[in-house]
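# Architecture and fold: a report
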Amino acid sequence: MYQNQFIFSRERRLFGRQCLFQDRNELMVSVHPSGRLRLKYILRDPAVHPTQLSDQMALSIMETENVSFDNHGMFHYEGGWPREVNINDEEQTVRHRKKVERDDSWGEQVADMIRAMMNVAEQNNAINIYQNFFADLNPELGQDFRLRFTARVVNVFHDLWVPPRQMTVIDWMPNNDNQFLAQFTNQYRMRQEAENMVPVDSWSGGDNAFYIWEMSNPLKPKIFYDSKEVVSRAKICPKDENNLAGGTWSGKVCLWNTLKSGLPLRICPLEAAHRENTKALCWVHSKSNTEFYTGSLDGSVKYWDTRDLMMPVHELLLEPVPQERQNRQDAHGVMVLEFEYTIPVRFIIGSDMGCVFVGNRKGMTPLETLLAYYQLFAGPVRTINRNPFFVKNFLVTGDWRARVWSEEAKDGPSTMYFRKKTQVVCGAWSTGRCSLFVTGDNKGVVDFWDLLLSQRVPIYSINFGSPIQDVVFRSEGALLAIALGNGDTKILVLDDAMKSATGKEKALIAAMFEREISRSKILEARVEEIKLKRRTQLLAEEERAKRAGDEIELDLELDPDNPDQFVQLIESDDQFRMAIADFQDMLLTVERKRSKRNMIMERTAFEQYYVEEAQMVEPSRESQDAANPEVSEPKKKADASKAK
């Protein structure tokens, strides 16, 4: 048991002496102040050094001017003659030649020129520049040799509040390509988190402020616009950049002066405002550039004039089937408003039910204003963006798809669509190429699509790791501004192939749009032909039934969307009537079988106990009644009345 045990013993005197500690004061070093060094001391003036509240430790900004190169050629028919020599005078030219030939450096210059010319001549002689050397090769051989599209981030603009607010809208300034408007919202922030928000700079305004940034300065915005309420949508007038209109979450409409920072100049009263959040806003064509539309989730579209915000000029409810007397319960919520200055009469509305409405500005009644509507998505319409080269074609995004929509096709307006596994939040056509557009989803992926290269997969994708809120191209198409959900704004520089178009691109995309519109019209004509054929058959059957004396009620056109007509459409089907009759017969047979069954209910132990107890109590009650007949007689009458 103790085989693995080892005992080590040692005497106390072999441990060494005991350590004893004590406290004492001892001066090690003493440095006395020097009067000479004190005279050399200089007081420094207070210095203010601004910094950004982030992990950035250093900043270097470098701006270089773009140098443009241009090649110019010159055809020397008579060579380069001095100004004092007249090339038309033979004596002067001969005299100048002899003078140059007598120079010692003339021979070296001629030799150098001969060498350079011989190199060029030998290159031209080696290759025939007018011959196609690769005409016999297979065209599919070089498909894999393509340069990849690239886009890089050149600047990032952060929110001035910590923690940052969510980005909602971004828009380039109409008359200045180096500035853009960035709008934020803190509506989705918790109350405790909103109370702990701290501005990085005291100049940045309140927690509802939004800014105009300069491309060259990502640290401090140029101008800020503040509000006492959360601003949901703001937009600058494209024709007059001094006017900035916006809508709040409470439904009010505000107006700012873009040249001054601070609170809005005018606000509409509460009784004239929308009932819910103002989600859409667009400026329209007018002589004074002071008119705009606003849309809200309450289903109303209001027409305003900035000179008087006390009451809207006109109000319209977005009903799928407009009536003279409109009902707000049938109206769709407004998500997007789109207007093109080249088409001053029409405007487009996107609803929260996935419908796109076509509006007429000159209409006086709801029937004249809302011309048509089309069901395109299963969810709300996110964005509507016109093609800058072909204004009749739109890019509409919603749910999990991005559709290319044309107003010319009535019954089938969607010419083509692009599907993703994630929800598509925003989209925009490129202003540099007519066949390129961009989509952003809620997972933070920005996809670049080219209709001429591929209609199934994007040609290039970038993942930012934060939900995409908005994407906007600059006017020339070289820069792309992306608004992220974490409060950042990123500026992308696109590749040359993604911002410049080829000579045949516009013709090819025009032919594609025409082909798709023609296909939609052919399908519409086919549907109308089928309806006409069905109507003719129904009329013929009705005439035949009248001649035979049979009373058959046939509807020429039954709308499946109408509940009453849908029931008539189903009941007019013979197979359906037979199936309903068989089902009713089966129910009757099952009911008969159930009525003939004898159900034997077995009593539980508790029920059996109560029955036995009742049987024992009954004889004793009868004996009491026999003993007291006067008392038992009214009791029996009461029991009989209860039984009745």
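The name given to the protein chain in an unreviewed UniProt entry is Dynein intermediate chain 3, ciliary, with Drosophila pseudoobscura pseudoobscura as the source organism. Note on the protein chain: under the UniProt heading Subcellular location (unreviewed entry), the record states "Cytoplasm, Cytoskeleton, Cilium axoneme". According to its UniProt record, the protein chain has this under Sequence similarities (unreviewed entry): "Belongs to the dynein intermediate chain family."

Once that is clear, we can look at the packing of aromatic side chains. Counted according to the given criterion, the structure contains 21 aromatic pairs. Centre to centre, the rings of Tyr 211 and Trp 213 are 5.9 Å apart; their planes meet at 80°, and the pair counts as edge-to-face. Measuring from ring centre to ring centre gives 5.5 Å for Phe 357 and Tyr 373, while their planes differ by 20°; the resulting arrangement is stacked. Separated by 16 residues along the polypeptide, Phe 357 in strand S18 (residues 355-360) and Tyr 373 in strand S19 (residues 370-375) bring together distant segments of the chain. Through pairs of rings, three or more aromatic residues link up here, namely Phe 157, Trp 172, Phe 180, Phe 184, Tyr 211 and Trp 213. Residue placement shows Lys 239 over the ring face of Tyr 341; its charged tip is 5.1 Å from the ring centre.

Together, Ile 127, Ile 129, Tyr 130, Phe 133, Phe 134 and Leu 137 give the surface a local cluster of nonpolar side chains, amounting to about 760 Å² of exposed area. You can see Phe 134 is positioned in the loop between helix H3 (106-126) and strand S1 (151-157). Exposure remark for Phe 134: the relative accessible area of 63% places this residue in the exposed category.

Below, the discussion takes up the pairing of strand S29 (residues 479-484). In terms of burial, S29 is a largely internal element, six of the six residues being buried. In the sheet, strand S28 (residues 468-473) pairs with S29 via five bridges, with the strands oriented antiparallel. Directly across from Val 472, in S29, lies its bridge partner Ala 481. Linking S28 back to S29 in an antiparallel pair, the connection comprises five residues, with Gly 477 at a positive phi of about 85°. Examined bridge by bridge, S29 and strand S30 (residues 489-494) share five bridges and lie antiparallel to one another. Bridging from a neighbouring strand, Ala 483 pairs with Thr 489 of S30. Taking the residues that link successive antiparallel strands as the turn, the S29-S30 hairpin has four residues, and the phi of Gly 487 there is positive, at about 95°.

With that settled, consider empty space enclosed by the protein. In total, this model carries one cavity of 30 Å³ or more according to the counting rule given. Its volume calculated, the largest cavity comes out at about 30 Å³. Forming the walls of the largest cavity are Ala 402, Phe 418, Lys 420, Val 424, Phe 437, Thr 439 and Trp 449. Split by residue class, the lining of the largest cavity holds five nonpolar, one polar and one charged.

Once that is clear, we can look at unusual backbone geometry. Note that the residue after Val 162, namely Pro 163, is joined by a cis bond; omega there is -5°. For Pro 163, the position within the fold is in the loop between strand S2 (161-162) and strand S3 (166-172). One non-glycine residue, Asn 289, adopts positive backbone phi at about 55°. On the secondary structure map, Asn 289 appears in the loop between strand S12 (278-283) and strand S13 (291-296). Take Asn 289: its relative accessible area is 17%, and that puts it in the buried class.

Rules and cut-offs
- Just so you know, the residues in each chain are numbered from 1, in the order the chain's sequence is written.
- Local features are withheld for residues below a pLDDT of 70 in this predicted model, meaning they are given only at 70 or higher, and side-chain atom pairs are given and counted only at 80 or more; totals for whole chains, interfaces and linings count all residues.
- Side-chain descriptors were evaluated using all non-hydrogen atoms of the structure, hydrogens and water having been removed beforehand.
- UniProt positions are given in the numbering used here, feature names are shortened, and annotations may be inferred rather than shown by experiment.
- Side-chain rings of Phe, Tyr and Trp, where Trp is taken by its six-membered ring, are said to pair if the distance between their centres is within 6.5 Å; with planes under 30 degrees apart they count as stacked, over 60 as edge-to-face, and otherwise as tilted.
- Put simply, DSSP marks the helices as runs of H or I at least four residues long and the strands as runs of E at least two long, and each gets a number from the N terminus on.
- Note on criteria: charge over ring means Lys NZ or Arg CZ within 6 Å of the ring centre, with the direction from the centre no more than 35 degrees off the ring normal.
- Put simply, a patch holds well-exposed residues, over 30% relative accessible area, that have no salt bridge, with like charges counted together within 9 Å and Val, Leu, Ile, Met, Phe, Trp or Tyr side chains within 5 Å.
- Only the protein chains shown count as cover for residues, and the accessible areas themselves come from Shrake-Rupley with a 1.4 Å probe.
- Between Lys or Arg on one side and Asp or Glu on the other, a salt bridge is scored when a side-chain nitrogen of the former is within 4 Å of a carboxyl oxygen of the latter.
- Note on exposure labels: buried denotes an accessible area under 20% of the residue type's maximum, exposed denotes more than 50%, and partly exposed covers the range between, all computed with a 1.4 Å probe on protein chains only.
- In this analysis, strands are considered paired if DSSP registers two or more bridges between them.
- For cavity detection a 1 Å grid was placed over the protein atoms alone, and a set of points counts as a cavity when a 1.4 Å probe fits there but cannot get out; an open set counts as a pocket when protein lies on both sides within 12 Å along at least five of seven lines, with lining residues being those that have an atom within 4 Å of a point.
- Grid points are joined across faces, edges and corners, and a volume is the space filled by probe spheres set on the points.
- In the scheme used here, Gly and all other residues not listed as nonpolar or charged are polar, with Ala, Val, Leu, Ile, Met, Phe, Trp, Tyr, Cys and Pro taken as nonpolar and Asp, Glu, Lys and Arg as charged.

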